[in-house]
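Remarks on the overall topology
Chain by chain, the residues run as shown.
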Amino acid sequence: METLTELLSFWHTQAGKLGEQTLQHIGLTAASLLLAVVLGVPLGLLLTRRPRWAPAVLGVAGALQTVPSIALLGFLIPLLGIGPRPAIFALFLYSLLPIIRNTLTGIQGVSPAAVEAARGLGLTDAQVLRRVELPLALPVLFAGIRTATVINVGVATLAAYVAAGGLGEFIFGGIALNNPVMILAGALPAAALALAFDAALAGLQRLSTRRLVRVGAVLLVLLPLLGALYLLPRAAGKLLAGFSPEFVGRADGLPGLQSAYRLRRLPSVVLAPALVYEAARHHDVDLIDGYSTDGRIRAYHLQVLQDDRRVFPPYYAAPVIRPAMLRQHPELGAVLAQLAGQISDSVMTNLNYRVDYLHQEPRAVAQAFLRRRGLWREPRTLPAGAPVVRLGSKIFAEQYILLEMYAALIRGNTELAVETKTGLGGTTICFEALRTGAIDMYPEYTGTGLLVLLQPSPAVLDSLGGQPPAVFRYVQQEFRRRYGLEWLAPLGFNNTYALLMRKQQARELGISSISQLSRYLQP
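Remember, it's a predicted structure, so these values are computed and weren't measured experimentally. (Residues numbered from 1 in each chain as written. Predicted model: local features only at pLDDT ≥ 70, side-chain atom pairs only at ≥ 80, totals over all residues. Heavy atoms only, no water.)

**What about the overall build of the protein?**
- Scanning the protein from N- to C-terminus turns up 25 helices and 10 strands.
- With the principal axes as the frame, the protein shows a C-alpha extent of 95 × 65 × 50 Å.
- When the 523 residues of the protein are sorted by exposure, 51% land in the buried category.
- Sequence separation of at least 24 residues holds for 79% of the intrachain contacts in the protein that already meet a minimum separation of 6.
- Split by element, the accessible area of the protein, about 23600 Å² in all, is 59% carbon and sulfur.
- Looking at charge distribution, the protein has the averaged site of its 47 positive side-chain charges lying 6 Å from that of its 33 negative ones. (Helix = DSSP H or I, 4+ residues; strand = E, 2+ residues; numbered from the N terminus. Buried < 20%, exposed > 50% of the residue type's maximum accessible area, 1.4 Å probe, protein only. Contact = heavy atoms within 4.5 Å. Areas by Shrake-Rupley, 256 points an atom, 1.4 Å probe, with all protein chains shown as cover. Lys, Arg positive; Asp, Glu negative; His and termini not counted. Charge placed at Lys NZ, Arg CZ, Asp CG, Glu CD.)

**Some details on the side chain of Asp 289**
- Take Asp 289: it is sitting in strand E3 (residues 287-291).
- On the basis of relative accessible area, Asp 289 is assigned to the buried category, the value being 5%.
- Residues contacting Asp 289, with those up to four places away along its chain left out, are Gly 242, Phe 243, Ser 244, Phe 247, Val 276, Tyr 497 and Ala 498.

**Brief notes about the packing of helix H6 (residues 112-120) against helix H7 (residues 125-155)**
- Following both chains from N to C, one finds H6 and H7 inclined at 145°, their axes separated by 10 Å at the closest point. The way H6 lies across H7 gives a crossing that is right-handed. The residues of H7 that touch H6, namely those facing Ala 114, Val 115, Ala 118 and Arg 119, are Asp 125, Val 128, Val 132, Glu 133 and Leu 136.
- Classifying every residue of the contact of H6 with H7 gives 6 nonpolar, no polar and 3 charged. (Axes fitted to C-alpha atoms, helices over the stretch in contact; angles between N-to-C directions. Left-handed = near helix turned anticlockwise from the far one by under 90°. Nonpolar A, V, L, I, M, F, W, Y, C, P; charged D, E, K, R; others polar.)

**Some words on the pattern of salt bridges**
- For the structure shown, the criterion picks out 16 salt bridges.
- A salt bridge links Glu 133 to Arg 49, with the nearest nitrogen and oxygen atoms 2.9 Å apart. Linking Glu 133 in helix H7 with Arg 49 in helix H2 (residues 15-49), this pair joins segments that are 84 residues apart in sequence.
- The closest approach of N and O atoms between Asp 294 and Arg 296, which form a salt bridge, is 3.0 Å.
- Residue classification places Asp 294 among the buried positions, given a relative accessible area of 7%.
- Several salt bridges share partner residues, and in doing so they unite Asp 294, Arg 296 and Asp 356 into one network. (Salt bridge = Lys/Arg side-chain N within 4 Å of Asp/Glu carboxyl O.)

**Let's talk about the packing of H2 against H7**
- Where H2 meets H7, the axes come as close as 10 Å, and the angle between the chain directions of the two elements is 140°. Compared by their axis directions, H2 and H7 come out oblique. Between H2 and H7 the crossing geometry is right-handed. Contacts between H2 and H7 involve His 25, Thr 29, Ser 32, Leu 33, Val 37, Val 41, Leu 45 and Arg 49 on the former and, on the latter, Asp 125, Leu 129, Glu 133, Leu 134, Leu 141, Ile 145, Ala 148, Thr 149, Asn 152 and Val 153.
- Along the lines of polarity and charge, the residues of the contact of H2 with H7 split into 10 nonpolar, 5 polar and 3 charged. (Parallel < 35°, antiparallel > 145°, perpendicular 65-115°, else oblique.)

**Considerations on the packing of aromatic side chains**
- Throughout the structure, instances matching the rule amount to 16 aromatic pairs.
- Taking 6.5 Å as the distance between ring centres and 55° as the angle between the ring planes, the aromatic pair formed by Phe 247 and Phe 312 counts as tilted. Of this pair, Phe 247 sits in helix H11 (residues 245-249) while Phe 312 sits in the loop between strand E4 (302-305) and strand E5 (317-321); the two residues are 65 residues apart in sequence, bridging distant segments of the chain. Across the pair, Phe 312 and Phe 247 agree in class, each one buried.
- Taking the centre distance of 5.9 Å and the plane angle of 75° together, the rings of Phe 431 and Phe 479 count as edge-to-face. Within this pair, whereas Phe 431 is found in helix H20 (residues 427-435), its partner Phe 479 is found in helix H23 (residues 468-483), the two being separated by 48 residues in sequence. (Phe/Tyr/Trp six-rings, centres within 6.5 Å; stacked < 30°, edge-to-face > 60°.)

**Thoughts on the UniProt feature "transmembrane region" (unreviewed entry) in the protein**
- The sites that UniProt annotates as "transmembrane region" (unreviewed entry) are residues 26-47, 54-77, 83-100, 136-161, 181-200 and 212-232.
- Each end of residues 83-100 is marked by a C-alpha atom, and these two atoms are 27 Å apart; helix forms 94% of the span and strand 0%.
- The straight-line gap between the two end C-alpha atoms of residues 181-200 is 28 Å; of that span, 100% is helix and 0% is strand. (UniProt positions renumbered as here; feature names shortened; annotations may be inferred.)

**As for a positive patch on the surface**
- Together, Arg 262, Arg 264, Arg 309 and Arg 519 give the surface a local cluster of positive charge.
- One can find Arg 264 in the loop between helix H12 (254-261) and strand E2 (268-270).
- Judged by relative accessible area, which is 59%, Arg 264 ranks as exposed. (Patch = residues over 30% accessible without salt bridge, like charges linked within 9 Å, V, L, I, M, F, W, Y side chains within 5 Å.)

**Thoughts on the confidence of the model for the protein**
- The predicted model of the protein averages 88 in pLDDT, with 98% of residues at 70 or higher.
- The least confident element of the protein, judged by mean pLDDT, is helix H10 (residues 209-227) at 77; the most confident is strand E9 (residues 486-487) at 97. (pLDDT = per-residue confidence, 0-100.)

**So, the side chain of Thr 446**
- By the element assignment, Thr 446 lies in helix H21 (residues 446-454).
- Note on Thr 446: relative accessible area 1%, which makes it buried.
- For Thr 446, the side chain forms a polar contact with the main-chain oxygen of Pro 314, separated by 2.9 Å.
- When neighbours within four sequence positions are excluded, Thr 446 is seen to be in contact with Pro 314, Tyr 315, Tyr 316, Val 471, Phe 472, Val 475 and Trp 487. (Polar contact = N/O pair within 3.5 Å; in protein donor to acceptor, adjacent residues only side chain to side chain.)

**Concerning the sheet that holds E3**
- Pairing within the open sheet is mixed, and its 5 strands lie in the order E2-E1-E3-E10-E4. Bordering the open sheet on either side are E2 and E4, each of which pairs with just one other strand. Taking each pair of neighbouring strands and ignoring which way they run, the sheet shows an average axis angle of 40°.
- Relative to E3, strand E1 (residues 241-243) runs parallel, the two sharing 2 bridges. (Pairing = 2+ DSSP bridges.)

**Remarks on a nonpolar patch on the surface**
- Together, Val 218, Val 221, Leu 222 and Leu 225 make up an exposed nonpolar region whose accessible area comes to about 370 Å².
- Relative accessible area serves as the criterion here: at 37%, Leu 222 is assigned to the partly exposed category.

**A look at helix H5 (residues 84-108)**
- Across its 25 residues, H5 extends 36 Å between first and last C-alpha, which sits within 8% of the 36 Å expected from 1.5 Å per residue.
- Its axis deflected by about 35° at Leu 96, H5 carries its strongest bend there, up to four residues before the proline Pro 98.
- Counting buried residues along H5, 19 of its 25 residues qualify, which places the element largely inside the surrounding structure. (Expected span 1.5 Å × (residues − 1). Bend = angle between axes of the 7 residues up to and from the residue.)

**So, the pairing of strand E6 (residues 388-392)**
- In the sheet, E6 pairs with strand E7 (residues 417-421) via 5 bridges, with the strands oriented parallel. Along E7, the bridge assignment pairs Leu 391 with Thr 420.
- Tracing the backbone out of E6, into helix H19 (residues 397-413) and back to the parallel element E7 gives a crossover that is right-handed. (Right-handed = clockwise from strand over helix to strand, strands pointing away.)

See the structure below:
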């Protein structure tokens, strides 16, 4: 009941966004379906006249449908960029198989006697196709379109990952924030759309042949109109931003910026975290969220806009560990402490640059760093059944590097084996894995621990004043008290959230801080 209440409240507050996403979702589905019908039906008809080609054509269409949708989008991005083009093209490819196959099956299912009778009346091949075969095959052909429609409505939720919008924006935002209400806010309308389209097309299939022909013609006119829903005017502004789902939903992300800087005139799209930097690099968007020590800031010539009102709290990285592990293996504390204060902002940025841009392996980068600092030890030979320390990380380069550093220190200085679990997704997944004992340690950031996991009152936040030592002490004490988890000494660098622009654009517009950005966006 509580979830339902929260869901209704979410829909009420996000009604405008929900309507926009629904229209985008319908537009993406209709546009891709129109392309599939325009190409798939003639191709299916051609196969009825060239049946030897059918296995090859259906084989290719079937193979395309087996490609995982997220991988297909990844392949299309270098060719078509981000936005609706790769999304519509991917949905078009997924629609082809049912439409081609059902067109072929429908025509082949027409009674030979009916065809012969038509020829006996003197009808040409084209007239036989138009007046006899196509009308009789329409129910089967419609079944193919119906299948393709339902597939497209479901797959179109992935369009949000390439900034094409749709109901997937709520779903992926909810996954990133472990917010079931937000997931349901996108998933339920998407499921309802699929059921509505399926029911409508099922009703059409039951019409008489004569009426079905008329409805088919109407549908061909209707699909472009529905596809045009995607082109309806949206909120426009001087700049377009592309944000990751987690940044959009976190209190210290976009909501905090909008409140502190009044960034109300900044239209934005949601992007997969891995695509945010690429979108800025290829001029698809003007502003992105990022992390102040990310190596791509240097590689892609981006500028960090100064957070002059200090909305983003300090994000000092530190290992968070289960105290039971320290009690069972006291030597572990001293080993992990070797990294305390060893990594500055510039050092971490350079390490990230090597992984993000030069594509060096995180393990090689981590080991090279340890060698330069004199911390490297060859891994010890372990006895059978040696105790295991399970290390976890979130799904970005910096966490991979830190995890490899800790793994190398443990292997070289203790009799403990190491098991790594990388790519555990967002903050909540890592934290729950630690809290439930699925992992023993992972690197976390003080700002994330403060605002995402502890969520203190505004009065407490004001009392901390954004001071790094105060924030660390509060986070350390509250994690002990609430969760029984231990924060060890910070590594030294502050990987805070950041708002980024291309350097050249920022220079041309005279923007170096978020306050200046806010003033620029004013009418």
